[in-house]
Amino acid sequence: MAKPIFGELPGVPIGTRFANRDELSKAGVHRPSMAGIAGSRAGGGAESIVLNGGYEDDLDEGSWIVYTGQGGNDPESGRQIADQELTRGNLALTVNELEGIPVRVIRGYKNVSKLSPHAGFRYDGLYYVDKHWHQKGRAGFRIYRFLLRQASVEISPETIAPVLGFRVADRQLVEIQRIVMNTEVAREVKRINEYKCQVCSVRLETVSGPYAEGAHIRPLGHPHNGPDIAPNILCMCANHHVLFDRGAFSVADDRKLIGIDGNLISVRGHTVGDEFLAYHRDHYLALVDGGSR
Ligand SMILES: [Zn+2]
C-alpha cells in the first residue's frame, strides 16, 4: 500500500472538482474507490474522507461536520443495519484526533447539504478531528461519530449540543473544559489516595509537592455529561490518565484492569461507581477482535 500523504496536496487547491471517485483516487486526493475513509493501517491516521450521503446520521454544517464512522450500513440506502466498531477507518480518525493530524474533506453530489456540488466531487480543504464518541444512530444501531472542524472554527457546547440532541444543562457545563482537572472534588480524591496512582501506585514528587491527576471516568461536558463527583474520579499518574482517557485500558466490575495487567487499587473512603466504569468500558474500550465489517 502506498505511503499515506496527509494534508494539502500540491496542485490541488480547495474547490478542485473531480468528475467521479476514479478521478479522486488517481489524483491521490482520496484513494480508496469505495470506502468513505482513506486510512486503515494500524496506528496510522486517516488521510481523507468523502461525504456523499452514505450514512443517514451525517451532519454537515459547512465549517463543522459530524461525520459518521464506517461500517454497519446498507450501501444502497445508507441505513444502519448493524453496529459499528472502533476499527479500520474509525480507529484511524481517532489517531487524527490524538495527534492533531488534519484530514482532507471531499463533498460529493449525494451529500445531504446545501454545500454539496450538484455533480461529481469537490475537495473542500482540511478539517481537524475534535472528538469522537459513539451513540445509537437513527436506526437504533451503534454508530461512531466524529466532530470535524476547520482550523479557524471554534465550536461551543451550546452550538453543538442541541444539534446532537444533548442538553446543555447550565453554564457550568460550558465552562467545564477550562476548569475540569482541578476541581475541589478531584483534589479531595487525590488527597484520599495520597496522590498515588490507582493503577501503578506511583506518586510523583515535584518541588511543589506530590502530583497526581483526577481522571473522570465518564467525562465531563458534552456529549458524555459525566458528574463531577468522587465516585466518578480516579487518582492517576499522568501516563495512566492519558492511557485511560484514550481507551488503552479500562476497569472491570471486579476492579481487574482490562488491557493491562493488575487491579485498580482501592482505598478506604473513596468508592468508585460501577456505573461509571461500565460507561467507560462501553465507550472507550476498542474491540479487541477486528470484527468482520
Ligand atoms: Zn500510574
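Residues numbered from 1 in each chain as written. Predicted model: local features only at pLDDT ≥ 70, side-chain atom pairs only at ≥ 80, totals over all residues. Heavy atoms only, no water.

A. Inspection of helix H2 (residues 88-99) at higher detail. The end-to-end C-alpha distance of H2, which contains 12 residues, comes to 17 Å, matching closely the 16 Å that a straight helix rising 1.5 Å per residue would cover. Residues of H2 that are buried include every one of Gly 89, Asn 90, Ala 92, Leu 93, Thr 94, Val 95, Asn 96 and Glu 97, and no others. The inward-facing, buried residues of H2 abut strand E2 (37-38), strand E3 (48-51), strand E5 (64-68), strand E6 (103-108), strand E7 (121-136) and strand E8 (142-149). Gly 100 sits one or two positions beyond H2 and adopts a positive phi of about 70°. (Helix = DSSP H or I, 4+ residues; strand = E, 2+ residues; numbered from the N terminus. Expected span 1.5 Å × (residues − 1). Buried < 20%, exposed > 50% of the residue type's maximum accessible area, 1.4 Å probe, protein only. Contact = heavy atoms within 4.5 Å.)

B. Looking closely at the pairing of strand E12 (residues 233-236). Side chains Ile 233 and Cys 235 project from E12 onto one buried face, and the interleaved Leu 234 and Met 236 project onto a second face that is buried too. Pairing of strand E11 (residues 213-216) with E12, which is carried by four bridges, proceeds in the antiparallel orientation. Within the sheet, the bridge partner assigned to Gly 214 lies in E12 and is Cys 235. (Pairing = 2+ DSSP bridges.)

C. Local environment of unusual backbone geometry. The backbone of Glu 194 sits at a positive phi, close to 55°, despite the residue not being glycine. Turning to its location among the elements, Glu 194 is positioned in the loop between helix H5 (184-192) and strand E9 (204-206). By relative accessible area, Glu 194 is classed as partly exposed at 45%. In the Ramachandran plot, Arg 255 falls in the positive-phi region, its phi being about 75° despite a non-glycine side chain. By the secondary structure assignment, Arg 255 is in the loop between strand E13 (250-251) and strand E14 (257-258). For Arg 255, a relative accessible area of 18% translates into the label buried.

D. Geometry of the coordination of the zinc ion. The coordination sphere of the zinc ion, as far as protein atoms go, consists of Cys 197 (SG), Cys 200 (SG), Cys 237 (SG) and His 240 (ND1), spread over 2.1 to 2.4 Å. In this structure, the zinc ion is surrounded by four donor atoms whose angles at the metal cover 99 to 118°, and the resulting shape is tetrahedral. We note that the donor set of the zinc ion lies within a single chain, spaced as C-x2-C-x36-C-x2-H. For Cys 200, a relative accessible area of 27% translates into the label partly exposed. (Donors = N, O, S within 2.8 Å, 3.2 Å for Na, K, Ca; no water. Tetrahedral: all angles 85-135°; square planar, octahedral: opposite > 155°, others 65-115°.)

E. Representation of the packing of aromatic side chains in the model. For the coordinates displayed, the defined rule picks out two aromatic pairs. When the ring of Tyr 109 is compared with that of Phe 121, the centres are 6.0 Å apart and the planes differ by 85°; the resulting orientation is edge-to-face. Of this pair, Tyr 109 sits in the loop between E6 and E7 while Phe 121 sits in strand E7, and the two are 12 residues apart along the sequence. Looking at Tyr 109, the relative accessible area reads 41%, which means it is partly exposed. Phe 121 sits in the buried class, given a relative accessible area of 3%. Note on Phe 244 and Phe 249: the rings are 5.5 Å apart at their centroids and 45° apart in plane angle, and the pair reads as tilted. We note that Phe 244, like Phe 249, is buried. (Phe/Tyr/Trp six-rings, centres within 6.5 Å; stacked < 30°, edge-to-face > 60°.)

F. Region of the structure containing a nonpolar patch on the surface. On the surface, Val 202, Leu 204 and Tyr 211 cluster together into a nonpolar patch covering about 230 Å² of accessible area. Within the fold, Val 202 resides in the loop between H5 and E9. Residue classification places Val 202 among the partly exposed positions, given a relative accessible area of 38%. (Patch = residues over 30% accessible without salt bridge, like charges linked within 9 Å, V, L, I, M, F, W, Y side chains within 5 Å. Areas by Shrake-Rupley, 256 points an atom, 1.4 Å probe, with all protein chains shown as cover. Salt bridge = Lys/Arg side-chain N within 4 Å of Asp/Glu carboxyl O.)

G. Structural detail: the nonpolar core. By size, the foremost hydrophobic cluster in this structure holds 16 residues, and its most contacted members are Ile 49, Ile 65, Tyr 67, Leu 93, Phe 146 and Leu 148. Those elements that place two or more of their residues in this core are E3, E5, H2, E6, E7 and E8. Looking at which element gives the most residues to this core, the answer is E8, with three residues. Ignoring sequence-local partners within four residues, the contact set of Ile 65 consists of Leu 51, Leu 59, Asp 60, Val 105, Arg 107, Tyr 127, Phe 146, Leu 147 and Leu 148. Grouped together as the second largest cluster of nonpolar side chains are 15 residues, Cys 197, Cys 237, Leu 257 and Leu 277 included. (Core = buried A, V, L, I, M, F, W, Y, C linked by side-chain atoms within 4.5 Å.)

H. Expanded view of the pattern of salt bridges. In the structure shown here, the tally under the stated rule is 16 salt bridges. Between Asp 60 and Arg 107 there is a salt bridge, and its shortest N-O distance comes to 2.6 Å. Separated by 47 residues along the polypeptide, Asp 60 in strand E4 (residues 59-60) and Arg 107 in strand E6 bring together distant segments of the chain. A single burial state applies to Asp 60 and to Arg 107, both of which are buried. One salt bridge in this structure joins Arg 191 and Glu 188, with 2.8 Å as the shortest N-O distance. Residue Arg 191 and its partner Glu 188 are located together in helix H5, separated by three residues, close to a single helical turn. Here the salt bridges do not stand alone but share partners, grouping Asp 60, Arg 107, Arg 122 and Asp 124 into one network.

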